[in-house]
Amino acid sequence: TNPAGKNFITETIAADLGTTYDKLTQADFDSITSLVIKSAKVPTKTWTAMKELGNLRNLETLDLTGFRHADLEKAPDEFFQIPSVKNLRIYSDAETIYAKVFLATGVEDLYIKSSAKAAVQQLIIPDEIGNMSKLKKLNIELATGTVRKMILPATMQSLTHMEHLE
């Protein structure tokens, strides 16, 4: 039986699998290991639907590069606490990466792409990155000619599994 309700996530998954949302089973959800969610603006009701991502028990890669900082600010904590996610990709159009992102403590590979907005002169990684105890790789792509300074916190010293910083 379908463990989730009707919303844009279940409808998208169903369409990708060639079925309808009401015919999805947990096995269908379990077959998904990678998910790219692209959106320009996210209404609050959409975040409620995104709590359903918890049904994707084998989701390893979550790409949120289509979301703006203001959208991620509205996300519920649960959105970043999917235990199976190992690879997380985000976009930042603000000077400080939103702290909730670092609730994803199981993430091993984090990719952050900074904005090309001229107003973003620096990129600040908050102290909460120290919570990502399994983080092995951190890749920060700075927009050419905009970000002049990147500030990394002292809590990065607690990332004992870190193998690669780019």
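The structure this text deals with has already been given above.
What you are looking at is a predicted structure, and each value in this text was computed from that prediction instead of being measured.

K.L.:
Looking at this structure, I do not really get the pattern of salt bridges. What am I missing?
P.N.:
Any two side chains of opposite charge can pair if their charged atoms end up close together. If you walk through the whole model with that rule in mind, you get 3 salt bridges. With its nearest N and O atoms 2.6 Å apart, the salt bridge here joins Arg57 to Asp30. Placement of Arg57 in the loop between α3 (44-50) and β2 (61-64) and of Asp30 in helix α2 (residues 26-30) is noted, with a sequence separation of 27 residues between them. For the salt bridge of Glu108 with Lys136, the shortest nitrogen-to-oxygen distance reads 4.0 Å. Separated by 28 residues along the polypeptide, Glu108 in the loop between β3 (87-92) and β4 (109-114) and Lys136 in the loop between β5 (122-124) and β6 (137-141) bring together distant segments of the chain. Taking the relative accessible area as the measure of exposure, Glu108 reaches 27% and is therefore partly exposed.

K.L.:
Just to check I follow, could you spell out the packing of aromatic side chains for this structure?
P.N.:
Two descriptors summarise a pair of aromatic rings, namely the distance from one centre to the other and the angle between the planes of the rings. Under the counting rule described, the total for this entry stands at 0 aromatic pairs. The aromatic ring of Tyr111 is capped on one face by Arg89, whose charged end is 3.9 Å from the ring centroid.

K.L.:
Please explain the environment of Ile151 as it appears in this structure.
P.N.:
Position of Ile151 among the secondary structure elements: in strand β7 (residues 149-151). As a C-alpha pair, Ile151 and Ile125 span 26 residues in sequence and 6.1 Å in three-dimensional space. In this structure, Ile151 is in contact with Gln122, Leu123, Ile124 and Ile125, ignoring residues within four places of it in sequence.

K.L.:
What's the story with a nonpolar patch on the surface in this structure? I'm lost.
P.N.:
On the surface, a nonpolar cluster with roughly 310 Å² of combined accessible area is contributed by Leu142, Met150, Leu152 and Leu165. Mapped onto the elements, Met150 comes out in strand β7. A relative accessible area of 35% places Met150 in the partly exposed class.

K.L.:
Hey, could you run me through the nonpolar core in this one?
P.N.:
Generally speaking, nonpolar side chains in soluble globular proteins are found buried as a group. In this structure, Leu62, Leu64, Leu88, Leu110, Ile129 and Met132 are the most contacted members of the largest nonpolar core, which totals 39 residues. Those elements giving two or more residues to this core turn out to be α1 (8-17), β2, β3, β4 and β6. Residue contributions to this core peak at 3 residues, all from α1. Setting aside anything within four residues of it in sequence, one finds Leu64 in contact with Ile37, Leu72, Phe79, Phe80, Leu88, Arg89, Ile90 and Tyr91.

K.L.:
Help me out: how do you make sense of the sheet that holds β4 in this one?
P.N.:
Within the open sheet, the 6 strands sit side by side as β1-β2-β3-β4-β6-β8. Their pairing is parallel. Of all the strands in the sheet, just β1 (34-36) and β8 (164-165) have a single pairing partner and so form its edges. As paired elements, β2 and β3 share 4 bridges and run parallel to each other. For Thr61, the partnering residue across the bridge sits in β3 and is Asn87.

Reading the values: rules and limits
- Residues numbered from 1 in each chain as written.
- Predicted model: local features only at pLDDT ≥ 70, side-chain atom pairs only at ≥ 80, totals over all residues.
- Heavy atoms only, no water.
- Salt bridge = Lys/Arg side-chain N within 4 Å of Asp/Glu carboxyl O.
- Helix = DSSP H or I, 4+ residues; strand = E, 2+ residues; numbered from the N terminus.
- Buried < 20%, exposed > 50% of the residue type's maximum accessible area, 1.4 Å probe, protein only.
- Phe/Tyr/Trp six-rings, centres within 6.5 Å; stacked < 30°, edge-to-face > 60°.
- Lys NZ or Arg CZ within 6 Å of the ring centre and 35° of its normal.
- Contact = heavy atoms within 4.5 Å.
- Patch = residues over 30% accessible without salt bridge, like charges linked within 9 Å, V, L, I, M, F, W, Y side chains within 5 Å.
- Areas by Shrake-Rupley, 256 points an atom, 1.4 Å probe, with all protein chains shown as cover.
- Core = buried A, V, L, I, M, F, W, Y, C linked by side-chain atoms within 4.5 Å.
- Pairing = 2+ DSSP bridges.

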